[in-house]
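Below are the chains, spelled out letter by letter.
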Amino acid sequence: MAENGLASRLYNGEAGLNIVGRRKLWFGVAGVLVLIAILSFSIRGFSLGIEFAGGNSFQVPASVGTLDDAEREVNSALASENTGVEVATAQKVGGTGGDSYELRTPQLTVEQANSVKAQIAEDLGINADQISGNQVSEAWGSQVTERAVLGLVIFIALVMVYLILRFEWRMAVAAVASLITNLILTAGIYSLVGFEVTPSTIIGFLTILGFALYDVVVVFDKVQENTRGITANNNQTYGEASNLAVNQSLMRSLNTSVVALLPVGGLLFIGAGLLGAGTLKDLGLVLFVGMAVAFLTSILVATPLLALLKNYDPRIQAHNKRVLTRRGAVARGEVVGKGVASPAAQADATDEPVDQDAAALAGAAPKVGARPAGKRPTGARGGRPGGGGNRPGGAKRR
């Protein structure tokens, strides 16, 4: 029984999941999620890190106690100096001089930063030179953002050129649309949940583009293999061949995604969660979220969109209609190519599910003036005499 399980059928491409045929559902869900993400960008915005929003950071040795102890003392020093701000983020970081705690605050003046640093040293009972303080201007974050956007535009342009040369322009459009959807949804999750955006997050965003592109190319390569010379036969529509390719490559995409998510999950949950390596959290989080979303968009968005675009090709439209016309004729028991199109053949050849019951009833309806189906009568009145030949009664030859 295990051989007939879903995993086995997925691996052999025999699951028969109707992914391309239900593209309206996937497009609707993706559209709603993208709309929610855009609304979140506009209303809620992003939780920007110190590199983008600007601010100050203080690093104290981990020997002073726990991270909570350090955060409490820094907040006390900020309050005593009447700065009106509190610690925004606190994390444990490693370095050549040993572990330390990095505590970030909103923007302070130079006088306030020096006073807070002295007060922290006094409260913790350590020398002031053991505390390092840095001030970051938001202009630096703006430069990082501009470079990241420029890198994104160059990447998408190179991807378009590669996919057009490797496949065709419709596949390039579908792949880029899937990549953009992946970015918007991942950024939307960051905005809704309130994850902090840091330079590591930007690096992670650019990294998941490569993974998402790889997943799309794997599926499109199988689609190209299944649809090569498809117009030479009348067995499958383009959408059905594409759906078969998705089923055949689904298990491979799933295995690739799981194998990629396992080390990223270890980086995120073990490195950042258990070991307290806060610098790994930003990179691991965006990779984990982005790779999971990339798997879904490459399957549910890229290939269905490709099938939709191909159905506007006159050659594919004519081919799809021939396939559906042939099926309608076969369903009615007519000679292929001589019958009138059934309801399935009269469809717009977009591979949308048709009413199978209506098609079956239409195929079973007799033509006007046709003899009702039934057994041919035998005997002298209804058919050929039972004796064989043209001789009545099958008389013996003299």
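Only a predicted model underlies this, so the values are computations on that prediction, with no experimental measurement involved.

A short note on the side chain of Thr 227
Logical step 1: Position of Thr 227 among the secondary structure elements: in helix α8 (residues 199-227).
Logical step 2: A polar side-chain atom of Thr 227 sits 2.7 Å from the main-chain carbonyl oxygen of Val 223.
Logical step 3: Beyond its immediate chain neighbours, meaning those up to four positions away, Thr 227 contacts Tyr 238, Ala 241 and Ser 242.

Some words on the packing of helix α6 (residues 138-166) against α8
Angle between the axes and distance between the axes: these two values describe a pair of packed helices.
Logical step 1: At a closest axis distance of 10 Å, the pairing of α6 and α8 adopts a crossing angle of 10°. The angle between α6 and α8 falls in the class roughly parallel. Listed contacts from α8 to Trp 140, Ala 148, Leu 152, Phe 155, Val 159, Leu 163 and Arg 166 of α6 are Pro 199, Ile 202, Leu 206, Leu 209, Gly 210, Leu 213, Val 217, Asp 221 and Gln 224.
Logical step 2: When the residues that make up the contact of α6 with α8 are grouped by side-chain class, the tally is twelve nonpolar, two polar and two charged.

Observations concerning the pattern of salt bridges
Logical step 1: The full count for this structure, using the stated rule, is seven salt bridges.
Logical step 2: Glu 168 is the partner of Lys 310 in a salt bridge, and the nearest nitrogen-oxygen pair spans 3.2 Å. Highlighted residues: Lys 310 in helix α10 (residues 278-310) and Glu 168 in the loop between α6 and α7 (169-193), separated in sequence by 142 residues.
Logical step 3: Residue Lys 310 is classed as buried on the basis of its relative accessible area of 8%.
Logical step 4: As a salt-bridge pair, Glu 225 and Lys 222 come within 3.5 Å of each other at their nearest N and O atoms.

Brief notes about α8
One full turn of an α-helix is made of 3.6 residues, so residues set three or four places apart face in the same direction.
Logical step 1: In this model α8 runs 43 Å from its N-terminal to its C-terminal C-alpha over 29 residues, within 8% of the 42 Å that 1.5 Å per residue would give.
Logical step 2: Directly beyond the C-terminal end of α8, a positive phi value near 70° is found at Gly 229.

A look at the confidence of the model for the protein
Logical step 1: Per-residue confidence for the protein gives a mean pLDDT of 77; residues scoring 70 or more make up 77%.
Logical step 2: Ranking the helices and strands of the protein by mean pLDDT puts helix α2 (residues 23-43) first, with 93, and helix α12 (residues 356-364) last, with 36.

Things to note about α2
Logical step 1: For α2, spanning 21 residues, the distance from its first C-alpha to its last is 30 Å, which sits close to the expected 30 Å at 1.5 Å a residue.
Logical step 2: Immediately downstream of α2, the backbone of Gly 45 shows phi near 75°, a positive value.

Observations regarding unusual backbone geometry
Logical step 1: Positive phi, close to 55°, is recorded for Asn 82, a residue that is not glycine.
Logical step 2: Here Asn 82 shows up in the loop between α4 (67-80) and β3 (89-93).
Logical step 3: Residue Asn 82 is classed as exposed on the basis of its relative accessible area of 66%.

Description of the environment of Asn 182
Logical step 1: Here Asn 182 lies in helix α7.
Logical step 2: Taking the C-alpha atoms as reference points, Asn 182 and Phe 205, 23 residues apart in sequence, are found 9.8 Å from one another.

A word on the sheet that holds strand β2 (residues 55-61)
Logical step 1: Read across the open sheet, the four strands follow the order β3-β4-β2-β5; overall the sheet is antiparallel. Of all strands in the sheet, those with a lone pairing partner are β3 and β5 (132-136), marking the two edges. For this sheet, the mean inter-axis angle between neighbouring strands, taken without regard to orientation, is 20°.
Logical step 2: Note that β2 and strand β4 (residues 100-105) share six bridges and pair antiparallel. From the neighbouring strand, Pro 61 faces β4, where its bridge partner is Ser 100.

Brief notes about the packing of aromatic side chains
Each aromatic ring pair is specified by the distance between its two centres and by the angle formed by the two planes.
Logical step 1: All told, the structure shown has three aromatic pairs when counted by the stated rule.
Logical step 2: Aromatic pair Phe 167 and Phe 220: ring centres 6.4 Å apart, planes at 85°, arrangement edge-to-face. Note that Phe 167 is positioned in the loop between α6 and α7 and Phe 220 in helix α8, a separation of 53 residues in sequence. Per residue, the accessibility class of Phe 167 equals that of Phe 220, and both read buried.
Logical step 3: Taking 6.0 Å as the distance between ring centres and 55° as the angle between the ring planes, the aromatic pair formed by Tyr 190 and Phe 205 counts as tilted. Separated by 15 residues along the polypeptide, Tyr 190 in helix α7 and Phe 205 in helix α8 bring together distant segments of the chain.

Examining the packing of α2 against α7
Logical step 1: At a closest axis distance of 8 Å, the pairing of α2 and α7 adopts a crossing angle of 50°. One element, α2, and the other, α7, form an angle in the oblique class. Judged by the twist between their axes, the crossing of α2 over α7 is left-handed. Taken together, the residues of α7 that come into contact with α2 (itself represented by Leu 33, Val 34, Ile 36, Ala 37, Ser 40 and Phe 41) are Thr 181, Ile 184, Leu 185, Ala 187, Gly 188, Ser 191 and Leu 192.
Logical step 2: Looking at the contact of α2 with α7 residue by residue, the class counts come to nine nonpolar, four polar and no charged.

Criteria and thresholds
Residues numbered from 1 in each chain as written. Predicted model: local features only at pLDDT ≥ 70, side-chain atom pairs only at ≥ 80, totals over all residues. Heavy atoms only, no water. Helix = DSSP H or I, 4+ residues; strand = E, 2+ residues; numbered from the N terminus. Polar contact = N/O pair within 3.5 Å; in protein donor to acceptor, adjacent residues only side chain to side chain. Contact = heavy atoms within 4.5 Å. Axes fitted to C-alpha atoms, helices over the stretch in contact; angles between N-to-C directions. Parallel < 35°, antiparallel > 145°, perpendicular 65-115°, else oblique. Nonpolar A, V, L, I, M, F, W, Y, C, P; charged D, E, K, R; others polar. Salt bridge = Lys/Arg side-chain N within 4 Å of Asp/Glu carboxyl O. Buried < 20%, exposed > 50% of the residue type's maximum accessible area, 1.4 Å probe, protein only. Expected span 1.5 Å × (residues − 1). pLDDT = per-residue confidence, 0-100. Pairing = 2+ DSSP bridges. Phe/Tyr/Trp six-rings, centres within 6.5 Å; stacked < 30°, edge-to-face > 60°. Left-handed = near helix turned anticlockwise from the far one by under 90°.

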